[in-house]
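# Structural features, examined
The chain contents come next:
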Amino acid sequence: MTALQESTNVLEVENLGIAFGSSESRLSVVEDLTFAVRSGELLALVGESGCGKSVTALAIMGLLPRPQASTPAGRIVFEGQDITTLDEAAMQDLRGRRIAMIFQEPMTALNPVMRIGRQIEEVLLRHRVVERGEARPRALELLRQVRIADPERRLRQYPHELSGGMRQRVMIAMALACDPVLLLADEPTTALDVTVQAQIMELIADLQRRRGTSVVLITHDLGIVAETADRVIVMYAGRVVETASVRTVLEAPRHPYTQGLIASVPRLGRNRRGSGAPLADIPGSVPPPGKRGRGCVFRQRCAWAIDACAERQPQLDPFGEGHRVACLRAHETVSS
Amino acid sequence: MATADATALSSPRHGAVRRGLGAIFTRPGFRPGLVLFSLPLLGILLGALVLAPAGMDGAIRLTAPSWAHPFGTDNLGRDLFAHVLRGGRVSLAIGIAVAVLSTAIGLVLGLLAGFIRVVDAVLMRIMDGIMAIPGILLAIALMSVAGAGLVNVIVAITIADVPRVVRLVRAMVLSLREQTFVDAARIAGNRTGRIVFRHLLPMTLGPLAVQATFICTSAIITEAYLSFIGAGTPPDMPSWGNIIAENRIYFRGAPWSVLIPGCFIAATVLGINLMGDALRDALDPRVAKAI
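Rules of the game
- For every chain, the first residue of the written sequence is number 1, and numbering continues from 1 onward in sequence order.
- Each chain takes a letter, starting from A, and each ligand takes a number, starting from 1, following the order in which they are written.
- Since the coordinates come from a predicted model, pLDDT governs what is reported: local features require at least 70, and pairs of side-chain atoms require 80 or more to be given and counted, while whole-chain, interface and lining totals use all residues.
- Put simply, DSSP marks the helices as runs of H or I at least four residues long and the strands as runs of E at least two long, and each gets a number from the N terminus on.
- For the radius of gyration, the atom set is restricted to C-alpha positions; the globular benchmark scales as 2.2 Å times the number of residues to the power 0.38.
- In this scheme every C-beta is placed from the backbone, and a residue whose C-beta has 20 or more other C-beta atoms within 10 Å is buried, one with 12 or fewer is exposed, and one in between is partly exposed.
- Placing C-beta atoms from the backbone, we regard two residues as in contact once those atoms come within 7 Å.
- Should DSSP find at least two bridges between two strands, the strands are regarded as paired.
- Whenever a helix is involved, its axis is fitted only over the stretch in contact; in every case the axis is a line through C-alpha atoms, and angles between N-to-C directions fall within 0 to 180 degrees.
- Values of pLDDT, which run from 0 to 100, indicate the predictor's confidence residue by residue.
- Domain start and stop points were drawn from an automatic or database domain assignment.
- Among buried residues, those of type Ala, Val, Leu, Ile, Met, Phe, Trp, Tyr and Cys that are joined through C-beta atoms within 7 Å form a set called a nonpolar core.
- Following the grouping adopted for this structure description, the nonpolar residues are Ala, Val, Leu, Ile, Met, Phe, Trp, Tyr, Cys and Pro, the charged ones are Asp, Glu, Lys and Arg, and the polar ones are all others, Gly among them.

When helices and strands are tallied, chain A shows 11 helices and 12 strands. Against the globule reference of 20 Å for 336 residues, chain A gives a C-alpha radius of gyration of 21 Å, in line with a compact fold. C-alpha atoms of chain A, sized along the principal axes, occupy 65 × 55 × 40 Å. When each of the 336 residues of chain A is scored for burial, the buried share is 46%. Taking contacts inside chain A between residues at least 6 apart in sequence as the whole, the part at least 24 apart equals 64%.

Residues and elements named next belong to chain A. Taken in spatial order, the 8 strands of this open sheet run β6-β7-β8-β3-β9-β10-β12-β11, and their pairing is mixed. Each edge of the sheet is formed by a strand with only one pairing partner; in this case those strands are β6 (99-102) and β11 (317-320). In this sheet, neighbouring strand axes are inclined to one another by 25° on average, regardless of whether the strands run parallel or antiparallel. The pairing of strand β10 (residues 239-245) with strand β12 (residues 323-325) spans 2 bridges and is antiparallel. If you follow E242 over to β12, its bridge partner there is V325.

On to the sheet that holds strand β4 (residues 73-78) of chain A. Within a sheet, neighbouring strands are paired by backbone hydrogen bonds and run either parallel or antiparallel to one another. All names here are of chain A. Spatially, 4 strands are ordered β2-β1-β4-β5 in an open sheet, and the strand pairing comes out antiparallel. Looking at the sheet topology across the chains shown, the edges are occupied by β2 (27-38) and β5 (81-82). When β4 meets β5, the two strands line up antiparallel, connected through 2 bridges. Across the sheet, residue V77 finds its bridge partner in β5, namely D82. Contacting β1 (9-20), β2 and β4, helix α2 (residues 53-61) runs over the sheet at an angle of about 115° to β1.

This part is about the environment of A69(A). With respect to the secondary-structure elements, A69(A) resides in the loop between α2 and β4. Residues A69(A) and V55(A), 14 residues apart in the sequence, show an inter-C-alpha distance of 9.9 Å.

Before going further, it helps to examine the pairing of β4(A). Residues and elements named next belong to chain A. When β1 meets β4, the two strands line up antiparallel, connected through 5 bridges. Directly across from E12, in β4, lies its bridge partner V77. Taking the residues that link successive antiparallel strands as the turn, the β4-β5 hairpin has 2 residues, and the phi of E79 there is positive, at about 50°.

Below, the discussion takes up the confidence of the model for chain B. Residue and element names in this part refer to chain B. Averaged over every residue, the pLDDT of chain B is 83; residues scoring 70 or more account for 90%. No element of chain B has a lower mean pLDDT than helix α1 (residues 2-10), at 40, and none a higher one than helix α7 (residues 150-176), at 92. Segment residues 1-17: pLDDT under 50, and 9 contacts once partners within four positions in sequence are set aside and those in other chains are kept. Scored as a whole, the predicted complex attains pTM 0.72, and scored at its interfaces, ipTM 0.71.

Glancing now at the domain arrangement of chain A. Residue and element names in this part refer to chain A. Per the domain assignment, the segments making up chain A are domain 1 (3-229) and domain 2 (252-267 + 280-336). Computed from C-alpha atoms alone, the centre-to-centre distance between domain 1 and domain 2 is 29 Å. Tallying the contact residues gives 8 residues for domain 1 and 6 residues for domain 2. For the side of domain 1 that touches domain 2, the secondary structure elements donating two or more residues are β2 and α9 (222-228).

Okay, the nonpolar core next. All names here are of chain A. If you look at the biggest cluster of nonpolar residues, it comprises 169 residues, and the most contacted ones within it are A173 and L217. When residues are assigned to domains, this core turns out to be shared by domain 1 (3-229) and domain 2 (252-267 + 280-336), each giving three or more. When near neighbours in sequence (up to four residues on either side) are disregarded, A173 contacts I120, L142, L143, Q145 and V146.

Looking now at the interface of chain B and chain A. Contact with chain B, which involves 21 residues of that partner, is made by 27 residues of chain A. Every element with two or more residues in the side of chain B that touches chain A is listed here: α1, α8 (180-187), α9 (192-228) and α12 (285-290) of chain B. Here the element with the most residues in the side of chain B that touches chain A is α8(B); it accounts for 6 residues. Considering only residue class, the side of chain B that touches chain A consists of 10 nonpolar, 6 polar and 5 charged.

Listed below in structure tokens is the structure:
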């Protein structure tokens, strides 16, 4: 991979705004979201439930539920082209071929009455990656690549005959069928056993390294982020609150929300060291859309909040090398 | 291993069909259903291919079953064996025609209603309107307007049955379209038409096949009702319904003339329903696998 390619952005999301509801009662779910995915990197989109991660992924796919969602504001530039302006036929051509997605629930993401082999072949044939006769050997090859046990037999099986981990491998095989440039992985391991989680993440990270696919990993599991991601974007209530390399985010987070997230990850041995402290949490929950008001969206739950926080939403300001934080008191919030 | 792979790769579809049809035989209820249905069916085939129409003979009016006339004779001295077996042809034809027609029409309308909001709003109100009238009354009303006749009976019963299929298909599409695998199919770049026909349509076929068997049997019964009250097939075209209708006034003296066609209706309806249930189980890969 050349240096030029390395520096290019596969995806640029600029001032993305997503709102649901009619014109009288619009609920803004994602506001002013800006981020970029570099070629070949694994970018983690982190945040708790309801902060707009999945909706962002659907917006990139051009699959926001209609008519509940309005046309997104801002731009989504994929490979130099603003895909929010593309018509449906052009989007259908992109989906599955250039941008692929895998879901949280491998149990329901496969058609229950269609054999695994045919579901993989369908993607291959839809985008004319292979001729009809070559689809089956290619599907088998894809199953081998995702290291599924006994791939010949899996082709002939139905989804219900496979375990959750195997189904997620099938989903990954389908996502990679057309060698996409960008893979959106929406909590790909949440529904799986812990041991299987590690295998699946390893598989995604391995395929990302070998094929140079950019991956956007949507998750709330910081353990997975620590092991696989290159960069992290922390989202809260539809906004980016902090973005940095994975090391910076884990070791020197500046936004109080990021700090809270990291503090609330259970660690083995914490009690043995004698602290005896209960597991930290972040009090309260994400304010629902429409009740976010002016000012910093996190201020109601923030220990550092001051009066100024209620006046305006802080900008995402550069803080250090590739590190941006949206907090008025970012300089003071050094965790001890 | 290599040869096993080759055969497996070359015949991905035939296995499913073979296993699906194999599974149906192992379902409880299928064999009794098949036996029950095959008796009237054999009779119908015999009636259609071998037996001549029963002639009238005033000398043998209302005689009890005997070797010469296994089912006895009716008021006009017609041999009921030939009459009933020939009548089954009409009953079964009506059942099958109504099942096929109402399933096909209902499937198309149901898919449209499930996927297009505007169509849904208009079409479902019409279907509600039809369903608000009891099916048998609607069929009687239509028959009284259209007049007796085989085609009219089929059309009248089909109109009354279509809303049942539309509702079923629409309900299935509404729940299926929200499933993740439909999103996944979209994300793989599939067009709406392809998602409807390749992913959603096959999933509706199992319940629909079962619904079709029930519609078939209820059409046979509805035809019998209609004929019984004189709003069905014309008298010169014997069906089980109008044979019962013609003979009901002689029920006391010649009960066989009513009971025998009645038994044919019962056996046919029960047999087809039992097989319909078995079909449902066999078409569902989860149940088929569990056997």
